[in-house]
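Observations on the model geometry
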Amino acid sequence: MLVVVSLALGVALDAGASQDIHVPKTIFYMYERMASDILAGKPLVITVYVTLCDNETTVWTKVPNEKICSGDKLGSNIYWSTSGGLKKYLDSAGWERISYEKDLDENLAARGVWRKKHEPGGKLEAMGVKFPFDVVIVGLAYRGSAFKESLAGYLGAVHGDKASIMKVAPYGKLFYGGRSHVVGYIGHDYFMNVDHYDELMSHAKGGSKLHKGVFALSCSGKDWIQPAVERKNTHILLMNKYTTYPGAWAVGGLIEGIAMGKEGSGIHHQAALAFSEGKNRPLQAVLNAFSYGD
């Protein structure tokens, strides 16, 4: 069944994307864009679309503890406010929260912005980044009932370069969404809930010109989500191979790997290492649970 789904998604994607098949797909181009913006005084921006865990809309498995899986309760949701949730993790891992808004609309329960200085290494240093630089994470918490809209937003940001803009000190205008350097998703995999993908796949089309890193911490994302985000200018940094808990520790490790200027395998290792330490799981098992593309 997974093979059929992957093929179906691949056909839909090919129909909507124009790619130069002669341009090699290499992570060098992602770093080249990052280095250029950092040297111009801009932060490295990561947008993470988070679908709050919700027993009412997730039909595959129910979480016995309903308190941590209610899609309208930010303060207790497992994907946002527990130790492995994005907000809780960032708040406790040395990230400075510089903006936080709740109840932005009927779909978006919260939008938070965090920043942290990182030391450059590897490819970034070789490209001229010799000083600590800001990494900014924009976390978008969608209500559980809006998990289709959350994944659609993620796909739209991967495939399009349209920026979402907000004013936040000290950057003035902060460009995120489709203009991010890395686009990520955390939450339930909507593809697993439906039999027809046409509506969702309409968001997996666009003429993005920007090289972006892409990740998805979502059940079996390698089989169900990766086919919808594969194109020449996206670089798959991390995908769940199985039904692994989408703990945000992996996001922190992934960012460390990028700051260190590592290849895809090195980013994968850093993300797995952070997850294994955060979740207290054997490193080799976690390495096997995640995949990467280049």
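Residues numbered from 1 in each chain as written. Predicted model: local features only at pLDDT ≥ 70, side-chain atom pairs only at ≥ 80, totals over all residues. Heavy atoms only, no water.

1. Overview of the overall build of the protein chain
For clarity, the threshold we go by: Secondary structure elements are taken from DSSP: a helix is a run of H or I of four residues or more, a strand is a run of E of two residues or more, and numbering for both begins at the N terminus. Under the scheme applied here, a residue whose accessible area is under 20% of the maximum for its type counts as buried, over 50% as exposed, and between as partly exposed, the area being computed with a 1.4 Å probe on protein chains only. In these tables, accessible area is a Shrake-Rupley quantity obtained with a 1.4 Å probe, and a residue counts as shielded only by the protein chains included in the view.
In terms of helices and strands, the protein chain carries 10 helices and 10 strands. Here the protein chain holds 294 residues, and the buried ones make up 55% of them. Summed over its atoms, the accessible surface of the protein chain is roughly 12,500 Å², and 52% of this surface lies on carbon and sulfur atoms.

2. Description of the sheet that holds strand β4 (residues 133-142)
Sheet strands line up and pair through hydrogen bonds in the backbone, either parallel or antiparallel. We count it as follows: Only when DSSP finds a minimum of two bridges between them are two strands counted as paired.
With respect to topology, eight strands assemble into an open sheet ordered β2-β3-β4-β1-β7-β8-β9-β10, the strand pairing being mixed. Looking at strand neighbours, the two that pair on one side only are β2 (96-102) and β10 (290-291), the edges of this open sheet. Note: strand β8 (residues 212-217) against strand β9 (residues 234-240), five bridges, orientation parallel. Bridging from a neighbouring strand, Ala216 pairs with Met239 of β9.

3. Quick look at the pattern of salt bridges
Applied cut-off: The term salt bridge refers to a pairing of a side-chain nitrogen on Lys or Arg with a carboxyl oxygen on Asp or Glu at a separation within 4 Å.
According to the stated counting rule, one finds nine salt bridges in the structure shown. Residue Asp161 pairs with Lys212 through a salt bridge whose shortest N-O separation is 3.1 Å. Here Asp161 is found in the loop between α5 (147-159) and β5 (163-168), whereas its partner Lys212 is found in strand β8, with 51 residues between them in sequence. The partly exposed category is assigned to Asp161, whose relative accessible area is 23%. Under the relative-accessibility criterion, Lys212 is labelled buried at 0%. Put simply, Glu96, Arg115, Lys117 and Asp134 are held in one network by salt bridges that share partners.

4. Side note on the side chain of Ser150
Short version of the rule: Residue contacts follow a heavy-atom distance rule, with two residues in contact if any of their heavy atoms lie within 4.5 Å.
Within the secondary structure, Ser150 sits in helix α5. Residue class for Ser150 comes out buried when judged on its relative accessible area of 0%. In contact with Ser150, other than residues within four places in its own chain, are Tyr49, Val50, Thr51, Tyr142 and Tyr185.

5. Points about the nonpolar core
The line we're drawing: We define a nonpolar core as any set of buried Ala, Val, Leu, Ile, Met, Phe, Trp, Tyr and Cys residues linked to one another through side-chain atoms lying within 4.5 Å.
Within the largest apolar cluster, 51 residues are counted, with the highest numbers of intra-cluster contacts made by Ile46, Trp80, Phe215, Leu254 and Ile258. For this core, the element with the highest residue contribution is helix α8 (residues 249-259), accounting for seven residues. Ignoring sequence-local partners within four residues, the contact set of Trp80 consists of Val50, Leu52, Leu74, Gly85, Leu86, Lys87, Lys88, Tyr100, Ala110, Trp114, Gly139 and Ala141. Among the nonpolar cores identified, the runner-up in size contains 30 residues, and Val136, Val158, Phe191 and Val214 belong to it.

6. Concerning the packing of α8 against helix α9 (residues 264-279)
This is how it is decided: Axis definition: a line fit to C-alpha positions, over the contact stretch in the case of helices; interaxial angles, taken between N-to-C directions, run 0 to 180 degrees. Put simply, a crossing is left-handed when the front helix is turned counterclockwise from the back one by less than a right angle, and right-handed when it is turned clockwise.
Put simply, α8 and α9 touch, their axes get as near as 7 Å, and they point 145° apart. Considering how the two elements wind past one another, α8 and α9 form a crossing that is right-handed. Between α8, through Trp249, Ala250, Gly253, Leu254, Glu256, Gly257 and Ile258, and α9, the contact on the second element is made entirely by Ile267, Gln270, Ala271, Ala274, Phe275, Gly278 and Lys279.

7. Quick notes on α9
Worth spelling out the cut-off: Each residue after the first adds 1.5 Å to the expected span of a helix.
Compared with an ideal rise of 1.5 Å per residue, which puts 16 residues at 22 Å, α9 spans 22 Å between its outermost C-alpha atoms and is within 8% of the ideal. Every buried residue belonging to α9 is among Gly264, Gly266, Ile267, His268, Gln270, Ala271, Ala272, Ala274, Phe275 and Ser276, and all of these are buried. Buried residues belonging to α9 abut α2 (28-39), β9, α8, α10 (283-289) and β10. At the C-terminal side of α9, Asn280 shows a positive phi close to 60°.

8. Brief notes about the layout of surface pockets
One way to see where empty space is left: roll a probe the size of a water molecule over the atoms. Note the threshold: Buriedness for pockets is judged along seven lines, at least five of which must meet protein on both sides within 12 Å for an open set on the 1 Å grid over protein atoms alone, while cavities are sets there where a 1.4 Å probe fits but cannot get out, and lining residues have an atom within 4 Å of a point. Grid points are joined across faces, edges and corners, and a volume is the space filled by probe spheres set on the points.
Estimates place the volume of the second largest pocket at around 230 Å³. In terms of lining, the second largest pocket is formed by Arg33, Asp37, Lys42, Pro43, Val45, Tyr171, Lys173, Leu174, Phe175, Arg179, His181 and Leu210. By residue number, the principal contributor to the lining of the second largest pocket is strand β6 (residues 172-177), which donates three residues.

9. Looking at the side chain of Arg231
To keep it simple, the criterion reads: In summary, the charge assignment counts Lys and Arg as positive and Asp and Glu as negative, without counting His or the chain termini. Under this definition, polar contacts are N or O atom pairs within 3.5 Å; protein pairs additionally need one hydrogen-donor-capable and one acceptor-capable atom, and for neighbouring residues in sequence, both atoms have to be side-chain atoms.
Positionally, Arg231 belongs in the loop between α7 (221-224) and β9. No salt bridge is formed by the buried Arg231. Its closest oppositely charged neighbour is Asp161, at 7.6 Å. A polar contact of 2.9 Å, which involves the side chain of Arg231, links it to the side chain of His159.

10. Re α5
A turn of α-helix holds 3.6 residues, and therefore any two residues three or four places apart point the same way. Relative to the 18 Å expected for 13 residues at 1.5 Å per residue, α5 spans 18 Å between its end C-alpha atoms, a close match to the ideal helical length. Residues of α5 that are buried: Phe147, Ser150, Leu151, Ala152, Tyr154, Leu155, Ala157, Val158 and His159.

11. Description of the pairing of β6
For β5 and β6, the ladder comprises six bridges, and the chain directions are antiparallel. Its bridge partner lying in β6, Lys167 is registered against Lys173.

12. A short note on the pairing of β9
Taken across its seven residues, β9 has seven buried, putting it largely inside the fold. In this sheet, β10 lies alongside β9 in antiparallel orientation, the contact comprising two bridges. Residue pairing for β10: Met239 is matched across the bridge by Ser291.

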